[in-house]
Amino acid sequence: MTDAYLGIDIGSISTKGVVVDADRTIVARSYLWTEGNPADAARRVVADLAMQIDRDAVRVRAVGTTGSARRLVGAMLGAAVVKNEITAHAVGTTYLHPDVRTILEIGGQDSKIICVEGGIAVDYAMNTLCAAGTGAFLSSQAHRLGVEVEEFGPIALTSKRPANIAARCTVFAESDLVHKIQVGYAREDIIAGLCRAVASNYLNNVGKGKKITAPVVFQGGVSKNVGVVRAFEDMLGMEVLVDPDGHLMGAFGVALLAAEASAGARRGAGAAGESDGGEGDGEPFRDGAFDFDAVGDFAFKTREIECSKCANHCEIICVYRDDALIDSWGNRCDQGAVKAGR
């Protein structure tokens with residue numbers, strides 16, 4: 001029986017999952033659309049991963065979650081580790097690329113930059129106001145042009161004169177795009193211009209004020225677009241590395257953290273005779289191993305309540321499994337703490 005670890009990255013557009021073995025090699029991977037329902041997306045990813053492994057030979061000892069719905073899905077899956085995206089991406093990337101200095105990441109609706117020194121994230125920034133220049137932006141423009149977004153990169157590389165498209169705002173970009181179509185710009189030049197606009201928008205906003213030092217690793221779903229990769233290389237004047245599993249890096253990083261937590265729990269159990277909670281020992285775990293089927297056996301729902309016990313009036317999110325409270329968060333003081341069983 002081989003020990004393994006599961007990591008899930010729940011984003012607003014897509015949900016990613018991986019299973020890594022004891023050697024920290026990815027043995028199963030999944031990338032599915034979230035479709036506005038992170039709980040259901042997590043179930044589908046777990047089911048997809050289950051079909052890729054020999055469940056009689058592989059035992060998942062711990063689960064980690066990251067992404068925008070990490071707390072919700074972490075409660076569902078009995079996660080040993082729940083971490084923010086910055087930490088997860090940094091851990092995964094530095095494991096595969098120990099000398100990385102700058103991590104560029106563009107997802108469906110957000111983007112981030114992480115500066116690394118000595119394998120440690122020392123600075124970061126994220127987009128905060130607008131999704132212009134993200135995967136959703138490219139998808140909407142692809143639809144307008146009648147082109148599959150997966151074709152954008154190869155088409156962009158055929159352009160000799162990329163169109164100059166303003167992408168600091170989605171509304172302005174679409175207006176500019178329509179104008180370029182009306183005046184007769186070639187499709188490949190418009191698409192190349194959109195790819196360059198994504199890179200320019202990222203560097204002028206997310207990367208503003210950050211020192212971008214090689215080696216540079218580009219990840220997230222948009223990293224699969226070779227047109228955007230070429231645009232970054234032209235603007236930065238340096239090679240930009242894209243890992244084959246770069247779109248899964250958050251899930252990979254949090255799986256590594258789950259493995260580390262599990263190992264720490266076993267060391268603690270050996271010394272003190274008990275576990276410190278690093279491995280799953282509650283639902284949906286059975287005998288210290290993750291039960292893939294159990295995730296579908298429970299009904300999960302969330303409820304938002306407003307605490308009125310102090311002036312903060314915190315909005316507290318409560319997660320229920322089969323009507324039993326299993327987790328809550330959002331309170332800024334102990335007065336708003338909601339305990340399981342209440």
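In this report, the structure presented in the accompanying data block is examined. Note on numbering: residues in each chain are counted from 1, in written sequence order. Under the rules for a predicted model, residues below a pLDDT of 70 receive no local features and side-chain atom pairs below 80 are neither given nor counted, while totals for whole chains, interfaces and linings still include all residues. Side-chain metrics in this entry use all non-hydrogen atoms of the structure; hydrogen atoms and water are not considered.

1. Observations concerning unusual backbone geometry
Piece 1. With an omega dihedral of 0 degrees, the bond running from alanine 214 to proline 215 counts as a cis peptide bond.
Piece 2. Considering the arrangement of structural elements, one finds proline 215 in the loop between helix H7 (187-205) and strand S9 (216-219).
Piece 3. One non-glycine residue with positive phi stands out, namely arginine 24, at about 65 degrees.
Piece 4. Structurally, arginine 24 can be placed in the loop between strand S2 (14-21) and strand S3 (26-33).
Piece 5. When a residue's accessible area, from a 1.4 Å probe over protein chains only, is under 20% of the maximum for its type it is buried; when over 50% it is exposed; and in between it is partly exposed. On the basis of relative accessibility, which here comes to 25%, the residue arginine 24 falls in the partly exposed class.
Piece 6. Here the phi dihedral of glutamate 35 falls at roughly 55 degrees; this positive angle occurs in a residue that is not glycine.
Piece 7. What makes glutamate 35 exposed here is its relative accessible area of 62%. Numbered from the N terminus, helices here are DSSP runs of H or I no shorter than four residues, and strands are runs of E no shorter than two.

2. Considering the nonpolar core
The tendency in soluble globular proteins is for nonpolar side chains to be buried side by side.
Piece 1. Put simply, buried Ala, Val, Leu, Ile, Met, Phe, Trp, Tyr and Cys residues joined by side-chain atoms within 4.5 Å make one nonpolar core. Among the nonpolar cores identified, the biggest contains 36 residues, and Phe152, Phe218 and Phe232 are the most heavily contacted of them.
Piece 2. Broken down by secondary-structure element, the contributors of at least two residues to this core are strand S6 (102-106), helix H4 (135-145), helix H5 (152-156), helix H6 (170-182), H7, S9 and helix H8 (226-236).

3. Thoughts on the sheet that holds S3
Piece 1. Strand order in the open sheet formed by five strands is S3-S2-S1-S4-S5, and the pairing between neighbours is mixed. The sheet terminates laterally at S3 and strand S5 (81-82), the two strands that pair on one side only.
Piece 2. Here S2 pairs with S3 via seven bridges, running antiparallel. If you follow lysine 16 over to S3, its bridge partner there is tyrosine 31. Think of it this way: DSSP has to see at least two bridges between two strands before they count as a pair.

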